[in-house]
Amino acid sequence: METKKVNLLNNVMENHFFISQVKHSAYFDMKEAHVHPFYEIYYLLSGKRRIFVNHTIYVVNKGDIMAIEKGALHRTTYLSDKSHERIAINFTDEFIKPLYEEFGKEVVLKCFQNPHMTIPASRREYVDYLMQQMQYEYKISDIFSKRLLKNHLYELLIFLIRCQEFQYHTIEELDAVDEVIQDVAKYICQNFNMQITLEDAAKQANMSSAYFSRKFKRTTGFGFKEYLSNIRLKEAATLLLETNASITDIALRCGYNDSNYFGDVFKKVKGISPHQYRKNKGVI
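As the structure is a prediction and not an experimental result, all values here were calculated from the model. (Residues numbered from 1 in each chain as written. Predicted model: local features only at pLDDT ≥ 70, side-chain atom pairs only at ≥ 80, totals over all residues. Heavy atoms only, no water.)

Structurally, the position occupied by His74 is in strand E6 (residues 74–78). Polar contacts involving the side chain of His74 include one to the main-chain carbonyl oxygen of Ala72, which spans 2.9 Å. (Helix = DSSP H or I, 4+ residues; strand = E, 2+ residues; numbered from the N terminus. Polar contact = N/O pair within 3.5 Å; in protein donor to acceptor, adjacent residues only side chain to side chain.)

Within the element layout of this structure, Glu242 appears in helix H9 (residues 224–242). Assessed through its relative accessible area of 66%, Glu242 is described here as exposed. Along the chain, Glu242 and Arg278 lie 36 residues apart, while their C-alpha atoms are 9.2 Å from each other. (Buried < 20%, exposed > 50% of the residue type's maximum accessible area, 1.4 Å probe, protein only.)

This paragraph deals with the pairing of strand E2 (residues 39–46). Of all eight residues in E2, six are buried, a share of seventy percent or more. In terms of strand pairing, E2 meets strand E7 (residues 84–91) through seven bridges, oriented antiparallel. Counted as the bridge partner of Ile41 is Ile89 from E7. (Pairing = 2+ DSSP bridges.)

Another point: the environment of Tyr43. Its location among the elements puts Tyr43 in strand E2. It is 32 Å that separates the C-alpha atoms of Tyr43 and Ile272, two residues lying 229 residues apart in sequence.

For the structure shown, the criterion picks out 15 aromatic pairs. Taken together, Phe52, Phe212, Phe216, Phe222 and Tyr227 form an aromatic cluster joined through their ring pairs. Between the NZ or CZ atom of Arg123 and the centre of the ring of Tyr126, over which it lies, the distance is 4.5 Å. If you follow Lys150 out to its NZ or CZ, it ends over the ring of Phe95, 5.4 Å from the centre. (Phe/Tyr/Trp six-rings, centres within 6.5 Å; stacked < 30°, edge-to-face > 60°. Lys NZ or Arg CZ within 6 Å of the ring centre and 35° of its normal.)

Looking now at unusual backbone geometry. One non-glycine residue, Asn54, lies in positive phi territory at about 60°. As for its placement among the helices and strands, Asn54 is situated in the loop between strand E3 (48–53) and strand E4 (56–61). Unusually for a residue other than glycine, Asn206 sits at a positive phi of about 60°. For Asn206, the position within the fold is in the loop between helix H7 (198–205) and helix H8 (209–220). Look at Asn206 and you get exposed, because its relative accessible area is 75%.

The next subject is the pattern of salt bridges. Enumeration according to the criterion identifies five salt bridges in this entry. Close ionic contact of Glu226 with Arg75 constitutes a salt bridge, the shortest N to O distance being 2.7 Å. Taken together, the residues span a long stretch of sequence, with Glu226 in helix H9 and Arg75 in strand E6 at a distance of 151 residues. Under the relative-accessibility criterion, Arg75 is labelled buried at 2%. Within the structure, one salt-bridge network assembled from shared partners comprises Lys70, Asp93 and Lys105. (Salt bridge = Lys/Arg side-chain N within 4 Å of Asp/Glu carboxyl O.)

The subject of this paragraph is the sheet that holds E4. As summarised here, the arrangement of the three strands in space is E4-E3-E6, forming an open sheet in which the pairing is antiparallel. Of all strands in the sheet, those bounded by a partner on one side alone are E4 and E6. Direction aside, neighbouring strands of the sheet carry axes that sit 25° apart on average. Pairing geometry for E3 and E4, over six bridges, is antiparallel. In the sheet register, Arg49 faces E4, and the bridge partner there is Val60. Sheet strands in contact with H8 are E3, E4 and E6, and its direction is about 100° off that of E6. (Axes fitted to C-alpha atoms, helices over the stretch in contact; angles between N-to-C directions. Contact = heavy atoms within 4.5 Å.)

Structure, rendered in structure tokens:
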């Protein structure tokens, strides 16, 4: 894992909250897929992005929010030749536990079920204010800041839940090729335990292998093999923590015929072996 990613993971898991505002130049793509054990609120201040979450493609415009659930495989790619600026908030279940107790966990996490939200223009100043206040309190970090951080985050989450309950969301439609790629990504998610090849996926898309490979990479940010591997390892990590199945059985259930190869791939991506991951309860 990259040092920057490890630092973010450690920061969030230790403090249960992290916020950052970053402006990226044109044609910026995330170098690696994101999978992390905490929630993320992604707010696009300017520009236009394509965000791929699990097997779904979202076109995100200025003023849009993506509410990304923990454990979701996601990646952002560019859609225009313009720069973009975003705010990302990361937090754990522990940080929002009082909201669970007041409203119920199912209600609070409802906004992650339909993750793409367009904030009405008349309410963006309000959302901007909450974001600014969270950044301010995160930086000064005095004895009152954690309480104020929680208050502002709780207010934002309740606002997002209300938006989903009572407001109509205008979602930009995908073009025909993006829809095909999205369907194939869903097919891969549903059949990752099978021996899926690039040729199989291209056939699902009714494209040549070379053309499909280029379009899949451009649309999702993943190479075909990279995406399939991430989906398999995501499921393997869940099985390691939630079942007592042997590592050999988990390898087979996730599409790996060779448990030694599975172990090598898992360690390369996660940084530790499947056995250590299970022993550490997923803490890397």
